[in-house]
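# A structural walkthrough
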Amino acid sequence: MGRTIASLRRWPAGLVIGGLMLGLAGCQDSSDQSSTANRPPAAVDVVTLESVPVDITESYAGRVAAYRSAEIRPQVGGIILARKFEEGSHVAAGDLLYQIDPSLYKAELASAESELALAEANAQSARLLAERYRELVKSSAVSRQEADNAEAAWKQAQAQIQAAKASVQSARINLDYTRITAPISGIISRSSVTEGALVSAAQSSALATIRQLSPVYVDIRQPASSVMKMKRSGEDLTADVQLRLEDGSLLDETGTLKFSESSVDEGTGTVNVRAQFDNSQELLLPGMFVRANVVVEHLDTAILAPQQGITRLPNGAAQALVVNADNRVESRPVELGRAIADRWLVLSGLSAGDKLIIGGLQKVSAGATVTPREQAATTAATQ
């Protein structure tokens, strides 16, 4: 022992320290290798992909239009005596809206009825004379000409009765027109006139407007290419439509496409498509802008991959890590379609039954052995 210490004293100090450090490093490497060999496989979260039906939708701008709209206009002239509705309220077809002064029209009706009575009295006298002459001409008591004149006078009296009846009917219609009623049911706008205003049948401005808001139409400007895609894929042009309102909220009822123009707008290349909504809560108002989600294609079988399980390479390509039957990680290049909610529509690279890694990606790489932890997957998705 003393000889060994003596020999170390003869060595340079640097060589002694270096030898000790090498020995310690060898011991540490041996310890790390043993620790790595004994480390358990990394745990990762996986989702088993399934083949699900998917509706492919497109979003377009739309504008709400009233199902029915009627402008209230007078059909006779006169002074407005009363307004019988509350502005902005619901009115039913046939409800009285305005009352025009009927005095003049009552007088016209009475005059027409008197003319009818006079015509009927004259016709009675002409009929009796014609019948009397018809008998007298047989005995040559009157001439044939006088009998013919009596017959003609009777027919003229009958024509005068018909004209008088038409005058009575016209006067009665004008009297009825002094009561302005609602032609349709709906919500009535503000009134443009008040009691005491003079109105006429030829005026250009409407007294009020009634709009039916349940149901309502939504006019959508859809690109012609989308309409062609729907027709080629066999989609029914009466597909369901969902609306997003101006405040960003989604309307909780679904509409249906009802009509599509047969021509394309040359300026915009779009086709006007009309959808119908029940609008039971009357949230949709005429003139409102909305975003319409229209189903343009339906896929019976599609693979939807959670977005957190897809990574992008520096060259822009997409890849996914999956766990095979041996619990080893495989790298798959994938081709993606559109984003549907929080998932990607996978066109190629993944199939039903693949276990896609969605959690713990930073801890593993291709070829590593892992412990998969199954996570719940959504079995259907709709944009």
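Preceding this paragraph is the structure being described.
In what follows, the accompanying structure is described. Keep in mind that this is a model prediction, so the values were computed, not measured. (Residues numbered from 1 in each chain as written. Predicted model: local features only at pLDDT ≥ 70, side-chain atom pairs only at ≥ 80, totals over all residues. Heavy atoms only, no water.)

## Quick look at the packing of helix α3 (residues 103-136) against helix α4 (residues 144-177)
Two measures define how a pair of helices packs: the angle their axes make with one another and the distance between the axes. Quick reminder of the rule: Think of each axis as a best-fit line through the C-alpha atoms, taken over the contacting stretch in the case of a helix, with angles from 0 to 180 degrees between the N-to-C directions. A run of H or I in DSSP counts as a helix once it spans at least four residues, and a run of E counts as a strand once it spans at least two, with each numbered from the N terminus. For classification purposes, an angle smaller than 35 degrees is called roughly parallel, one larger than 145 roughly antiparallel, one from 65 to 115 roughly perpendicular, and anything else oblique. Two helices cross in a left-handed way if the nearer one is turned anticlockwise from the farther one by less than a right angle. They cross in a right-handed way if the turn is clockwise.
Where α3 contacts α4, the axes come no closer than 8 Å and their chain directions differ by 165°. What the angle tells us is that α3 and α4 run roughly antiparallel. Relative to α4, the crossing made by α3 is left-handed.

## Quick notes on the pattern of salt bridges
We apply this condition: Within this document, salt bridges are pairs made up of a side-chain nitrogen of Lys or Arg and a carboxyl oxygen of Asp or Glu, the two lying within 4 Å of each other. Buried residues are those whose accessible area, probed at 1.4 Å on protein chains only, stays under 20% of the maximum for their type, while exposed residues exceed 50% and partly exposed ones sit between those limits.
In this structure the tally under the stated criterion is 13 salt bridges. One salt bridge in this structure joins D45 and R373, with 3.1 Å as the shortest N-O distance. With a gap of 328 residues between them, D45 in strand β1 (residues 42-48) and R373 in strand β19 (residues 370-374) connect regions that are remote in the sequence. Its salt-bridge partner being R134, residue E151 comes within 2.5 Å of it at the nearest N-O pair. Residue E151 is found in helix α4, and its partner R134 is found in helix α3; the two are separated by 17 residues along the sequence. You can call R134 partly exposed: its relative accessible area is 35%.

## Concerning the pairing of strand β9 (residues 208-223)
What counts is decided by this rule: Note on pairing: DSSP must find at least two bridges between two strands before they are called paired.
Of all the 16 residues making up β9, twelve are buried; the element is thus mostly covered by neighbouring parts of the structure. Here strand β2 (residues 51-72) runs beside β9; their pairing, made up of ten bridges, is antiparallel. Bridge pairing in β9 places G62 opposite I220. Looking at chain direction, strand β7 (residues 186-188) and β9 are connected through two bridges and run antiparallel. Within β9, the residue paired with I188 across the bridge is I210. Here β9 pairs with strand β12 (residues 270-277) via eight bridges, running antiparallel. Bridged to D219 within β12 is R274.

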